[in-house]
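As a plain string of letters, each chain reads:
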Amino acid sequence: MDLLTLIKIIAASVSVIIALVAGFIELRLNPESWLNRWFALFFITTATAFSLYTLYHSLPLGNFIQDQLTIIPIMIVAQLFFNLIPLCLLMTVFVLEKYQKIAMNIAHLGTIAILFVIMSIGYVIPTLTPHLDEEAHAIGQINTKTPSPLLYFVNIARIVLALYVVIKYAMVSRKVEGETKKRVQWFFGGVLIIIIGLLFNLLGGTLHVALIEIIALILLDFGFFAIVKGFLI
């Protein structure tokens, strides 16, 4: 295993730990609040995605075809969890704006379900299915390649959703005062950092540069800290 892959695995593992701790904190603070529950689900979903990411990057390599049949399904499941991350954030906006009872109705939950299907359908289309990089595999590296149409569509969708969340938080922060305002501002900052992390992730995936992907993981961790800080005010 090369050094950058090892660092990538370590960085992803750290993200898993931070996300799990953050999710636990969210539920402990107010387990009855759907805002806390959706943020907790955001962290748990993130931890699951990075756990799978760490898993398939840590697998010992053997026959290329067998490795592809093993690694790619795990990678796709990980990406499905990554698709859930911005949708969990979107639900926090619905809860903040519409209050819990209204936000948890079929209209809002149905919107989330439809967006998830739209973002994920490409992974089951044969011409868009990700695959292992055979050249990287030959030198003992695990590197997955996603066809450009799917790579750009999914990452842009994630970024657009996250930007929508940031804009909504900025609008909410103007309407509130005191501790609530400070809390929403921390949410705003945290999601903004996560967006920057997603942009780095897109760049790293496009250029196939592990170092950029590592920077993306570090930025996501800072975003997690900012969101938890908002709840601790």
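**Q** Explain the overall build of the protein chain to me, and be specific about the residues and the numbers.
**A** A tally of regular secondary structure across the protein chain gives eight helices and two strands. Since a compact globule built from 233 residues should have a radius of gyration of about 17 Å, the 18 Å found for the protein chain is in line with a globular shape. Its C-alpha atoms put the protein chain at 60 × 35 × 25 Å along the principal axes. Buried residues in the protein chain amount to 48% of all 233 residues. Here the protein chain displays about 11,400 Å² of accessible surface, and carbon together with sulfur accounts for 72% of that area. When the 14 basic and 12 acidic side-chain charges of the protein chain are each reduced to a single mean position, those positions are 16 Å apart.

**Q** For the packing of aromatic side chains, give the residues involved together with the corresponding values.
**A** Under the defined criterion, the tally for this structure stands at nine aromatic pairs. Ring geometry for Tyr53 and Tyr56: centres 5.8 Å apart, planes at 70°, overall edge-to-face. With a gap of three residues between them, Tyr53 and Tyr56 both fall in helix α2 (residues 34-58), about one helical turn apart. The same class applies to Tyr53 as to Tyr56, namely buried. Taken together through their ring pairs, the aromatic side chains of Phe50, Tyr53, Tyr56 and Phe82 make up a single cluster.

**Q** Give me the lowdown on the packing of helix α6 (residues 148-175) against helix α7 (residues 178-207), citing residues and values where you can.
**A** The axes of two packed helices give the description: the angle between them and the distance between them. Remark: α6 packs on α7, axes separated minimally by 9 Å, with the N-to-C direction vectors making an angle of 165°. One way to sum up the angle between α6 and α7 is to call them roughly antiparallel. The two elements α6 and α7 meet at a crossing, and its hand is left-handed. In the contact of α6 with α7, the residues fall into 19 nonpolar, six polar and three charged.

**Q** Give a detailed account of the pattern of salt bridges, specifying residues and quantitative values.
**A** Scanning the model with the defined rule gives two salt bridges in all. Among the ionic pairs, Arg37 bridges to Glu32, the shortest N-O distance being 3.7 Å. For Lys145, the salt bridge is made with Asp133, and the minimal N-O distance between the two is 3.7 Å. Of this pair, Lys145 sits in strand β2 (residues 144-145) while Asp133 sits in the loop between β1 (131-132) and α5 (134-138), and the two are 12 residues apart along the sequence.

What counts and how
Residues numbered from 1 in each chain as written. Predicted model: local features only at pLDDT ≥ 70, side-chain atom pairs only at ≥ 80, totals over all residues. Heavy atoms only, no water. Helix = DSSP H or I, 4+ residues; strand = E, 2+ residues; numbered from the N terminus. Rg over C-alpha atoms; globule rule 2.2 N^0.38 Å. Buried < 20%, exposed > 50% of the residue type's maximum accessible area, 1.4 Å probe, protein only. Areas by Shrake-Rupley, 256 points an atom, 1.4 Å probe, with all protein chains shown as cover. Lys, Arg positive; Asp, Glu negative; His and termini not counted. Charge placed at Lys NZ, Arg CZ, Asp CG, Glu CD. Phe/Tyr/Trp six-rings, centres within 6.5 Å; stacked < 30°, edge-to-face > 60°. Axes fitted to C-alpha atoms, helices over the stretch in contact; angles between N-to-C directions. Parallel < 35°, antiparallel > 145°, perpendicular 65-115°, else oblique. Left-handed = near helix turned anticlockwise from the far one by under 90°. Nonpolar A, V, L, I, M, F, W, Y, C, P; charged D, E, K, R; others polar. Salt bridge = Lys/Arg side-chain N within 4 Å of Asp/Glu carboxyl O.

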